[in-house]
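Residues per chain, in single letters:
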Amino acid sequence: MTEAETLGAMQAQINFATNREDGGTWSNLDKSLITQPLTAQGIMLRDRSLSADAPSLECEGFEVHRLAFDGAKWRNPEWVETTGSPLTMEHIRECTGAAHIAPFHGHMALIRDTGDPAQPTAAEFVHLDHSRTSALPFIERCAPENIRARYPHVRIYNVWRALTPPPHDMPLAICDQRTIDPADWVEGKTVEPMMPEGVPYVTTVFNPGQRWNWVSDLTPDDALVFKAWDSDPSVPFGCLHGAFRNPYAPADTVPRASAELRYIAFFED
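Note that this is a predicted model, so its numbers are computed, not measured.

A. Representation of the overall build of the protein chain. Assigned secondary structure in the protein chain consists of 4 helices and 14 strands. Taking 269 residues into account, the globule formula puts the C-alpha radius of gyration at 18 Å, and the protein chain, at 18 Å, falls close to it. Across its three principal axes, the protein chain shows a C-alpha extent of roughly 55 × 45 × 40 Å. Relative to its full complement of 269 residues, the protein chain shows a buried share of 52%. Here the contacts in the protein chain between residues at least 6 apart in sequence split such that 81% fall between residues at least 24 apart. As displayed, the protein chain offers around 12300 Å² of accessible surface, 52% of which is attributable to carbon and sulfur atoms. Here the protein chain carries 22 positive and 37 negative side-chain charges, and the mean point of each set is 1 Å from the other.

B. Main features of empty space enclosed by the protein. The final tally for this structure, using the stated rule, is 2 cavities of 30 Å³ or more. Considering only enclosed or pocket space, the largest cavity measures out at about 80 Å³ in volume. Lining the largest cavity are R112, A123, H127, N158, W160, L172, F226, H241, G242, A243, R256 and E260. Residue assignment for the lining of the largest cavity shows that the elements contributing at least two residues are strand 7 (153-162) and strand 13 (241-243). Here the lining of the largest cavity gets 3 residues from one element, more than from any other, and that element is strand 13. Partitioning the lining of the largest cavity into residue classes produces 5 nonpolar, 4 polar and 3 charged. Space inside the second largest cavity adds up to approximately 40 Å³. Residue composition of the lining of the second largest cavity, by class: 7 nonpolar, 1 polar and no charged.

C. Region of interest: the layout of surface pockets. The calculated volume of the largest pocket comes to roughly 610 Å³. As for the largest pocket, its lining consists of 28 residues, and the residues nearest its centre are N28, H105, L110, M195 and R262. When contributions to the lining of the largest pocket are tallied by element, the ones reaching two or more residues are strand 6 (110-113), strand 9 (185-192), strand 10 (195-204) and strand 14 (257-267). It is strand 14 that contributes the most residues to the lining of the largest pocket, 4 residues altogether. Broken down by class, the residue content of the lining of the largest pocket amounts to 15 nonpolar, 8 polar and 5 charged.

D. Main features of helix 2 (residues 77-96). If you look at helix 2, its biggest bend is around 40°, right at G84, and the proline P86 turns up within four residues after that. In this structure, the buried side of helix 2 is in contact with strand 4 (62-66), strand 5 (100-103), strand 7, strand 12 (222-230) and strand 14. The N-cap of helix 2, judged by a side-chain oxygen 2.9 Å from the amide nitrogen of E78 a few residues on, is N76. At the exit of helix 2 stands G97, carrying a positive phi of roughly 75°.

E. Structural context of the sheet that holds strand 9. Overall, mixed pairing links the 3 strands, which are arranged 2-9-10 in an open sheet. If you trace the sheet from one side to the other, it starts and ends with strand 2 (25-26) and strand 10, each paired once. Pairing of strand 9 with strand 10 involves 7 bridges; the strand directions are antiparallel. If you follow G188 over to strand 10, its bridge partner there is Y201.

F. How the structure looks around the sheet that holds strand 1 (residues 9-17). If you walk across this open sheet you meet the 5 strands as 1-3-11-8-13, and the pairing is mixed. Because the sheet does not close on itself, it has two edges, and the strands there are strand 1 and strand 13. On average, adjacent strands in this sheet sit at an angle of 40° to one another, irrespective of strand direction. Relative to strand 11 (residues 212-214), strand 8 (residues 172-175) is paired through 2 bridges, and the arrangement is antiparallel. Bridge pairing links C175 to W212 in strand 11.

G. Structural view of the side chain of N28. Tracing the sequence through the fold places N28 in the loop between strand 2 and strand 3 (38-47). Side chain to side chain, N28 and W26 meet in a polar contact 3.1 Å long. Non-local contacts of N28, meaning those with residues more than four positions away in its chain, are made with R112, P120, T190 and E192.

Thresholds applied
- Residues numbered from 1 in each chain as written.
- Predicted model: local features only at pLDDT ≥ 70, side-chain atom pairs only at ≥ 80, totals over all residues.
- Heavy atoms only, no water.
- Helix = DSSP H or I, 4+ residues; strand = E, 2+ residues; numbered from the N terminus.
- Rg over C-alpha atoms; globule rule 2.2 N^0.38 Å.
- Buried < 20%, exposed > 50% of the residue type's maximum accessible area, 1.4 Å probe, protein only.
- Contact = heavy atoms within 4.5 Å.
- Areas by Shrake-Rupley, 256 points an atom, 1.4 Å probe, with all protein chains shown as cover.
- Lys, Arg positive; Asp, Glu negative; His and termini not counted.
- Charge placed at Lys NZ, Arg CZ, Asp CG, Glu CD.
- 1 Å grid on protein atoms, 1.4 Å probe; cavity = no way out; pocket = protein on both sides within 12 Å on 5 of 7 lines; lining within 4 Å.
- Points joined across faces, edges and corners; volume = space filled by probe spheres on them.
- Nonpolar A, V, L, I, M, F, W, Y, C, P; charged D, E, K, R; others polar.
- Bend = angle between axes of the 7 residues up to and from the residue.
- Polar contact = N/O pair within 3.5 Å; in protein donor to acceptor, adjacent residues only side chain to side chain.
- Pairing = 2+ DSSP bridges.
- Axes fitted to C-alpha atoms, helices over the stretch in contact; angles between N-to-C directions.

Structural data, given as structure tokens:
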């Protein structure tokens, strides 16, 4: 049996930064603003739905949770604000042991739909949503000064949900946070009509030491929870992630739609 078969892995092409000098710009809402120089690289992805050893937030930096809500309406902002996001936030508080938690963008879900041209498409490249410094203004806006002073250790968690059933034509690849080398990072900017100055994020060049994963059987009742930012420079910063085209998805696969929420967690240590 080959190593790939042992790991339940598959080969796929994923887009990385072409070089360390230019991260370019990305836009969720206006494709004409995208200037990223990207290079596709064939990599092996381990299917964590098949692994006996479940990944963890403290080790690999991500976990898969069964998180089903009756009557879920992730495309409905009112339901997300009043029900879906508060319940998700409480779940993250409980599973991380955070002393305090706050929503990153208010109680809002970012919807991506590769089958709907009116919605943002999948982010088809590897990235971390913020650099070490670009998250700080958001944290200051989302939590009062007394909370920030009392709880100096801060993490940002992403909760990513597929709104369409598996198999997915464009799943999410996620990198084991322990295998990410900051020396490979390339800073770019997310530029949108409402923030033309841009928000710095991190992408990376390919490194064969990176260990990439995906979850083949993720359903709309599941949530992929992963660390996206950490204020402690002595631990891994977070999980690189990005959409990729599944070479084994059937031709009639429903285009993948997803919902993403982010939360800021404050810890005693």
